[in-house]
Amino acid sequence: MTSNEKALQLFEDNKYKEALVLLEQAVTEERTVQSLNNLAWMYVYEEEDVHRAKPLLEEVVALHPQSYFPYNMLGEIALQEKDWEGAREILNKSIAI
């Protein structure tokens, strides 16, 4: 089981802090779409820290993922920053997927 998989299991078991540590470790070990997206999700929705999540999501979308999830999160951040054109562009990519 990878660090990423262990972290998700810990999160499901409501062991939030341990899960966050493992997700950060997973990104250090291997910067994949999955590991970057999962850590960004934790930063956005659990830590409420979009400033830490944004660079991770920008790295993810540069990898052209097949999932719309990272585009949605990045689009939400652009909306919070009142970057309307950026949000429209990113969210249109999400819709296209």
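Right above here is the structure, for reference.
Here the structure is a predicted model, which means the values were calculated and not measured.

What counts, and where the lines are drawn
Residues numbered from 1 in each chain as written. Predicted model: local features only at pLDDT ≥ 70, side-chain atom pairs only at ≥ 80, totals over all residues. Heavy atoms only, no water. Helix = DSSP H or I, 4+ residues; strand = E, 2+ residues; numbered from the N terminus. Rg over C-alpha atoms; globule rule 2.2 N^0.38 Å. Buried < 20%, exposed > 50% of the residue type's maximum accessible area, 1.4 Å probe, protein only. Contact = heavy atoms within 4.5 Å. Areas by Shrake-Rupley, 256 points an atom, 1.4 Å probe, with all protein chains shown as cover. Lys, Arg positive; Asp, Glu negative; His and termini not counted. Charge placed at Lys NZ, Arg CZ, Asp CG, Glu CD. Core = buried A, V, L, I, M, F, W, Y, C linked by side-chain atoms within 4.5 Å. Polar contact = N/O pair within 3.5 Å; in protein donor to acceptor, adjacent residues only side chain to side chain. Salt bridge = Lys/Arg side-chain N within 4 Å of Asp/Glu carboxyl O.

A. Region of interest: the overall build of the chain. The helix and strand inventory of the chain stands at 6 helices and 0 strands. Taken against the 2.2 N^0.38 rule, which gives 13 Å for 97 residues, the C-alpha radius of gyration of the chain at 13 Å falls within 12% of a compact globule. Each of the 97 residues in the chain was classed as buried or not, and the buried ones make up 38%. Look at the contacts in the chain between residues 6 or more apart in sequence, and 38% of them connect residues 24 or more apart. Accessible surface computed for the chain: about 6200 Å², of which carbon and sulfur atoms make up 52%. Charge centroids of the chain, computed over 9 positive and 18 negative side chains, lie 2 Å from each other.

B. Inspection of the nonpolar core at higher detail. If you look at the biggest cluster of nonpolar residues, it comprises 24 residues, and the most contacted ones within it are Leu39, Ala40, Tyr43, Ala53, Leu56, Leu57 and Ile77. Secondary structure elements with two or more residues in this core: helix 1 (3-12), helix 2 (16-29), helix 3 (33-46), helix 4 (50-62) and helix 5 (69-80).

C. Inspection of the side chain of Ser3 at higher detail. On the secondary structure map, Ser3 appears in helix 1. Separated by 3.4 Å, the side chains of Ser3 and Gln25 make a polar contact. A distance of 3.1 Å separates polar atoms of two side chains, one belonging to Ser3 and the other to Glu29. Ignoring sequence-local partners within four residues, the contact set of Ser3 consists of Leu22, Gln25, Ala26 and Glu29.

D. Inspection of the pattern of salt bridges at higher detail. Under the definition given, this model contains 5 salt bridges. Notably, a salt bridge pairs Asp49 with Arg52, separated by 4.0 Å at the nearest N-O pair. Of the residues examined, Arg52 reaches a relative accessible area of 36% and is grouped as partly exposed. Arg88 is the salt-bridge partner of Glu85, the closest N and O atoms lying 2.6 Å from each other. Of this pair, Glu85 and Arg88 are both found in helix 6 (residues 84-96), 3 residues apart, which corresponds to roughly one turn of the helix.

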